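Given next are the chains, with one letter for each unit.
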Amino acid sequence: MRKFRFVAVLLSLALVVLLVFSISGGPSAEAHDEEDDDEIKTKFDLVENTALVHPITGASGLLADGLGGKIEIDGEDLDKLKFKVKYKAQGLEPNTWYYLAVTVRESHTDGTPDETFPGGIKPVAIAVAGMARTDGAGRLEFEGKGVLPNVFDDPVTSGVSKWRIDQQVRQIGSGELRNCVECILVCRPTTKVELNEDGDGLIKFVSSP
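Since we're looking at a predicted model, the values are computed, not measured. (Residues numbered from 1 in each chain as written. Predicted model: local features only at pLDDT ≥ 70, side-chain atom pairs only at ≥ 80, totals over all residues. Heavy atoms only, no water.)

K.L.:
So, the overall build of the protein: which residues are in play, and what are the values?
P.N.:
A tally of helices and strands in the protein yields one helix and 13 strands. Helices and strands appear in the protein in the N-to-C order α-β-β-β-β-β-β-β-β-β-β-β-β-β. Considering the protein as a whole, with its 209 residues, one finds that 39% of them fall into the buried category. Considering only intrachain contacts with a sequence separation of at least 6, the fraction spanning at least 24 residues in the protein is 66%. Within the structure as shown, the protein displays about 12,500 Å² of accessible surface, and the carbon and sulfur contribution to it stands at 56%. (Helix = DSSP H or I, 4+ residues; strand = E, 2+ residues; numbered from the N terminus. Buried < 20%, exposed > 50% of the residue type's maximum accessible area, 1.4 Å probe, protein only. Contact = heavy atoms within 4.5 Å. Areas by Shrake-Rupley, 256 points an atom, 1.4 Å probe, with all protein chains shown as cover.)

K.L.:
Kindly report on the pairing of strand β4 (residues 80–89), identifying the contributing residues and their values.
P.N.:
With burial as the criterion, only one face of β4 is covered, namely that bearing Leu81, Phe83, Val85, Tyr87 and Ala89; the residues Lys80, Lys82, Lys84, Lys86 and Lys88 on the opposite face remain uncovered. In the sheet, strand β3 (residues 68–74) pairs with β4 via seven bridges, with the strands oriented antiparallel. Directly across from Ile71, in β4, lies its bridge partner Val85. Taken together, β3 and the strand that follows it, β4, pair antiparallel across an intervening segment of five residues. Both β4 and strand β7 (residues 140–149) contribute to a ladder of 10 bridges, which runs antiparallel. Paired with Lys84 across the two strands is Lys145, which belongs to β7. (Pairing = 2+ DSSP bridges.)

K.L.:
Please provide a residue-by-residue account of the side chain of Glu182, values included.
P.N.:
Inspection of the secondary structure puts Glu182 in the loop between β10 (180–181) and β11 (183–188). There is no salt bridge for the buried Glu182, and the closest opposite charge comes from Arg170, which lies 5.8 Å off by N-O distance. For Glu182, the contacting residues outside a window of four places in its chain are Leu52, Tyr99, Val169, Arg170, Gln171, Ile172, Gly173, Ser174, Gly175 and Glu176. (Lys, Arg positive; Asp, Glu negative; His and termini not counted. Salt bridge = Lys/Arg side-chain N within 4 Å of Asp/Glu carboxyl O.)

The structure is reproduced here in structure tokens:
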């Protein structure tokens, strides 16, 4: 009789463990899927901004050379778009300070150019992630984070449904051209984002040159 009771107890415990595991395991997997919906992780080359840099010096940050950049964007709170970035570049001016920036621009749905913002691209927000000083060989390494506030709220241009996120290495006082202030190195490709229908997260991104 005791033997049967012992077996029954073991079966009961096994059933309880199975139920607890199934209950606790389900939500965590679902949360992981939801987290993936509003996160962006992408890598990019850093190339000279040929529209601004004169003469071209050969500075670069190519992924193929073990350089380049990486950005991780957390779209959980669109009012405070958090991001983390890494930059590695070479061929810049030795022992010189540069600042690292991330920008968001809204795109006209049809890409129609206008007199103020050629190419249908309109600057919305900029966040400076920090500053870095090159070494004696002109090599730069930087890792930082920041927040882009309210970039998707009430766009000035009607019909906007797409945005682009760019990363730059900038130098104070170097000039402005094509809506990029003091940009020495720019990302390639850019990151393009759209909001889902509910507007509660970044669900789609594509990279293009």
